[in-house]
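Here is how the chains run, residue by residue.
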Amino acid sequence: MTDAFVLGGVRTPVGRYGGSLSHLRTDDLLGRTMVAACERVGVPLERIEDIVAGCVNPAHEGMGDIARWAALAAGFPDSVPAITVNRFCASSLSGAISTAHAIRSDELSVGLAGGVESMSRSGWAFMKGDAPFMPRGPIFMLDTMWAGAGGPPNPALLARDAYIEMMQTAQNVADQYELTREEIDAFALRSQQHATAARDSGRFAEEIWPVEIPATRKEPARTIEHDESIRDDTTAEKLAALPTLPNTTQMTAGNSSPLNDGASAVVLASPTAAEELGVEPLARVVASATHALDPRVMGIAPAFAMPKALERAGLAPEQIDVWEVHEAYAAQALGVLRELPKQLGGFEVPDDRLNPNGGAVAIGHPFGSSGTRYVLTLATELRLREARYGVLGVCVGSGQGVALVLENPKAA
């Protein structure tokens, strides 16, 4: 078995729902990002042996295998295969892990993992009835941005509340860990402040690929360089004044991740391939893990997946220099932080090692893209800090969690 290295990659700025990226086709957004990742790393497109891309909502341009359609549209050779995977919010992270597995088993030498989501362009779906070719009668139409997770409900899953709304799972986590509105909002404020600092210092420029937006009749051509959901005017008072979301007592628009568009991609390779390409690896893939639990508290699954990954890596939590915990909701991330000490022998994640550049509450969460965005963010942060080990954990709708441990080779 050989090592698998993350050579580098790019991500787009995360666009707001209906914002600057909303007029770009979803397949073009992914394809251009994958090409940009190869260009930034210095890997010719023809050297990519396989592509794995994550996308949660299939109802858009490129529906079906958007990874393949995006690659062909963007100019990858016909000989480069591609597959689209869906593990909801950890889709592209799972793609990166699968690519690393193939490299470590000597079945692949250079691969690309990426992901995309355009919530702005999510389509509508007309559902067929039980009988084939039904020409008459009522038609069930779904807004796939909301219903793409499950489609028409399965009675067995409906009976066990598996289709619970994500904001309600966050409320369940808040109730289970007895979180207050004040500490939830404080964590959301922390996310905004850290993300603002990362943007203003140029830290995010290390990973962002600026997106060129063509001119229209009303607006000139422009370049999008910054995440659009970061709010540098956020205060505790403003967060406290926001009303709660339906069917919750503490979830608000300010302490939840927003609706977003975006794409990301990373190139992975074996040590031999990296040497042949003349590329210095950014990070080494050390270990990964998955975990599943009751969908009604889906958000805390990373608190179990991350310790599993650390155990497989042979690492103690004290050795981890950077912890990236997905922030689908501030309450969900806090729940993970409350549960982790129970799974790690009392170890509590130091604040200065946690989400140093903010998280999805501030940056945004384009579902299919977030996984490889975290891989790139963590690998880059380890290099900039001259730190050795980092771990990331992403919660998954339906009650799953995925974790990955990375090592900075220069600090080894």
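In case you missed it, the structure is sitting above this.
The rules behind the values
- Residues numbered from 1 in each chain as written.
- Predicted model: local features only at pLDDT ≥ 70, side-chain atom pairs only at ≥ 80, totals over all residues.
- Heavy atoms only, no water.
- Axes fitted to C-alpha atoms, helices over the stretch in contact; angles between N-to-C directions.
- Helix = DSSP H or I, 4+ residues; strand = E, 2+ residues; numbered from the N terminus.
- Parallel < 35°, antiparallel > 145°, perpendicular 65-115°, else oblique.
- Left-handed = near helix turned anticlockwise from the far one by under 90°.
- Contact = heavy atoms within 4.5 Å.
- Salt bridge = Lys/Arg side-chain N within 4 Å of Asp/Glu carboxyl O.
- Buried < 20%, exposed > 50% of the residue type's maximum accessible area, 1.4 Å probe, protein only.
- Patch = residues over 30% accessible without salt bridge, like charges linked within 9 Å, V, L, I, M, F, W, Y side chains within 5 Å.
- Areas by Shrake-Rupley, 256 points an atom, 1.4 Å probe, with all protein chains shown as cover.
- Pairing = 2+ DSSP bridges.
- Right-handed = clockwise from strand over helix to strand, strands pointing away.
- Phe/Tyr/Trp six-rings, centres within 6.5 Å; stacked < 30°, edge-to-face > 60°.
- Lys NZ or Arg CZ within 6 Å of the ring centre and 35° of its normal.
- Expected span 1.5 Å × (residues − 1).

Peer 1: Can you explain the packing of helix α6 (residues 166–176) against helix α11 (residues 330–343)? Please cite residues and give values.
Peer 2: When two helices pack together, their arrangement is given by the angle between the helix axes and by the axis-to-axis distance. Here α6 crosses α11 at 40 degrees, and the two axes come no closer than 8 Å. As summarised for this structure, α6 and α11 are arranged oblique, according to the angle between their axes. As α6 packs across α11, the resulting crossing turns out to be left-handed. For the pair α6 and α11, contact is made by A170, V173 and A174 and by A331, Q332 and G335, respectively.

Peer 1: Break down the pattern of salt bridges for me, citing the residues and quoting the values.
Peer 2: All told, the structure shown has 22 salt bridges when counted by the stated rule. The salt bridge partner of R203 is E381, with a shortest N-O separation of 2.8 Å. One end of the pair, R203, is in the loop between α7 (181–200) and β8 (211–213); the other, E381, is in helix α13 (residues 367–385), with 178 residues separating them in the sequence. A relative accessible area of 9% means that R203 is categorised as buried. Connected through shared salt-bridge partners, R11, R203, E207, D227, E381 and R385 make up one network.

Peer 1: Describe a nonpolar patch on the surface, naming the residues involved and giving the relevant values.
Peer 2: Residues W124, F126, I139 and M141 make up a contiguous nonpolar surface patch of about 510 Å² in total accessible area. Position of W124 relative to the elements: it lies in strand β6 (residues 124–127).

Peer 1: If you had to explain the environment of I48 to someone new, which residues and values would you point to?
Peer 2: Mapped onto the elements, I48 comes out in the loop between α1 (26–41) and β3 (50–54). Residues I48 and A269, 221 residues apart in the sequence, show an inter-C-alpha distance of 9.3 Å. Leaving out residues up to four positions away in the same chain, I48 has contacts with C38, V43, F76, V80, V110, G111, L112 and V267.

Peer 1: Can you tell me about the environment of V52, naming the residues and giving the values?
Peer 2: Structurally, the position occupied by V52 is in strand β3. With relative accessibility at 9%, the residue V52 sits in the buried group. Dropping the residues within four chain positions of it, V52 is found in contact with I83, V85, G95, T99, L112, A113 and G114.

Peer 1: Give me the pairing of β3: which residues, what numbers.
Peer 2: With four of five residues buried, β3 lies mostly within the body of the structure. One ladder, built from five bridges, connects β3 with strand β5 (residues 110–118); its direction is parallel. In the strand pairing of β5, D50 is matched with G111. Where β3 meets strand β4 (residues 82–85), four bridges bridge the pair, whose relative direction is parallel. Across the sheet, the residue bridging to A53 is T84, located in β4. Considered for its hand, the β-α-β crossover made up of β3, helix α2 (residues 66–74) and β4 is right-handed.

Peer 1: Give me the lowdown on the packing of aromatic side chains, citing residues and values where you can.
Peer 2: Remark: the centre distance and the inter-plane angle together describe each pair of aromatic rings, the angle taken between the planes. Inspection of every chain in the model, using the stated rule, returns one aromatic pair. Where W323 meets F347, the ring centres are 5.7 Å apart and the plane angle is 25 degrees; that geometry is what we call stacked. Taken together, the residues W323 in strand β12 (residues 322–325) and F347 in the loop between α11 and α12 (360–363) connect sequence positions 24 residues apart. With respect to class, W323 is no different from F347; both count as buried. Its end group placed over the ring of F204, R11 keeps NZ or CZ at 5.0 Å from the ring centre. The ring of Y374 carries R373 above its face, with NZ or CZ at 4.4 Å from the centroid.

Peer 1: I'd like to hear about helix α10 (residues 302–313), residue by residue, with values.
Peer 2: Its twelve residues place the ends of α10 16 Å apart at the C-alpha level, agreeing with the 16 Å of an ideal helix rising 1.5 Å per residue. Within α10, nine of the twelve residues are buried, which leaves it mostly tucked inside the rest of the structure. Those residues of α10 that sit buried are P302, A303, F304, A305, M306, P307, A309, L310 and A313. Tucked into the core, α10 has its buried residues touching β11 (283–292), β12, α11, β13 (389–396) and β14 (400–407). Looking at the residues trailing α10, positive phi occurs at G314, about 70 degrees.

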